[in-house]
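Secondary and tertiary structure notes
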Amino acid sequence: QVQLVESGGGLVQAGGSLRLSCAESGRAASGRTFSMYNMGWFRQAPGKEREYVAYINVSGSYTNYAESVLGRFTISRDNAKNTVYLQMNSLKPEDTAVYYCAATSSRYGWTSYIEYDYWGQGTQVTVSS
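Read on for a plain summary of the structure. Quick caveat: nothing in here was measured; it's all calculated off a predicted structure.

A short note on the pairing of strand β9 (residues 97-104)
Taking burial as the measure, the eight residues of β9 include seven buried ones, the bulk of the element. The sheet contact formed by strand β4 (residues 38-44) and β9 spans seven bridges and is antiparallel. Across the sheet, M39 pairs through a bridge with A103, a residue of β9. In this sheet, strand β11 (residues 123-128) lies alongside β9 in antiparallel orientation, the contact comprising three bridges. Across the sheet, Y99 pairs through a bridge with T123, a residue of β11. Bridge count between β9 and strand β10 (residues 118-119): two bridges; the pairing is antiparallel.

Structure, rendered in structure tokens:
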């Protein structure tokens, strides 16, 4: 079991920036375990379906982004710290959502939430006009 905890959400004005973190936690936390998983970020706004945001492979050598955030968001990871990050710049009100970190052992279907095995509790991001 992989336990994930998101942090860094909050209230920000349009055009501002936030940096989200997703850290492995719990008694069984292990960098060697964390580094075996591909990681994704998803978000969900009220009344909407869970939406894919970004993906990073186990080594960090490959990343992928939803078109809606491309050029504004950057996903990265530090396996030595058991942490994945999402740097969000030029934020828009439509970015407002609960953001979730997730882990998958699969190399396929990483834009779909059904392919992910472990999820954090989420962190709220609110962007005001």
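Observations concerning the pattern of salt bridges
Considering all chains together, one arrives at three salt bridges under this definition. Between E51 and R43 there is a salt bridge, with the nearest N and O atoms lying 2.9 Å from each other. Of the charged contacts, one joins D95 and R43 as a salt bridge, the two residues approaching to 2.9 Å between their closest N and O atoms. With D95 in the loop between β8 (83-88) and β9 and R43 in strand β4, this pair connects stretches of sequence that are 52 residues apart. Accessibility assignment for this pair places D95 and R43 in one class, buried. Beyond isolated ion pairs, a larger network of salt bridges with shared partners links R43, E51, R72 and D95.

Brief notes about unusual backbone geometry
Non-glycine residue N82 carries a positive phi angle of around 55 degrees. Examined against the element boundaries, N82 turns out to sit in the loop between β7 (73-78) and β8. Classification of N82 as buried rests on a relative accessible area of 13%. Unusually for a residue other than glycine, S90 sits at a positive phi of about 50 degrees.

Notes on the packing of aromatic side chains
Evaluation of the coordinates by the stated rule reveals eight aromatic pairs. Judged by centre distance (5.8 Å) and plane angle (70 degrees), the rings of F42 and Y52 are edge-to-face. Of the two residues, F42 is situated in strand β4 and Y52 in strand β5 (residues 51-56); the sequence distance between them amounts to 10 residues. Like Y52, F42 is buried. Their ring planes at 65 degrees and their centres at 6.2 Å tell us that Y55 and Y62 sit as a pair that is edge-to-face. Note on Y55: relative accessible area 3%, which makes it buried. For Y62, a relative accessible area of 38% translates into the label partly exposed.

Calculation notes
- Once a new chain begins, its residue numbering starts again from 1 and follows that chain's sequence as written.
- With the structure being a predicted model, the display of local features is reserved for residues of pLDDT at least 70 and the display and counting of side-chain atom pairs for 80 or more, all residues being used for whole-chain, interface and lining totals.
- Each side-chain value is derived from all of the structure's non-hydrogen atoms; neither hydrogens nor water enter the calculation.
- Only protein chains enter the area calculation, which uses a 1.4 Å probe; residues under 20% of their type maximum are buried, those over 50% are exposed, and those in between are partly exposed.
- Helix and strand labels come from DSSP, where a helix needs a run of H or I of at least four residues and a strand needs a run of E of at least two; each type is numbered from the N terminus.
- A pair of strands is considered paired only if DSSP assigns at least 2 bridges between the two.
- Basic side-chain nitrogens of Lys or Arg form a salt bridge, by our definition, when they fall within 4 Å of a carboxyl oxygen of Asp or Glu.
- When two rings of Phe, Tyr or Trp (its six-membered ring) have centres within 6.5 Å they constitute a pair, described as stacked for plane angles under 30 degrees, edge-to-face for angles over 60, and tilted for the intermediate range.

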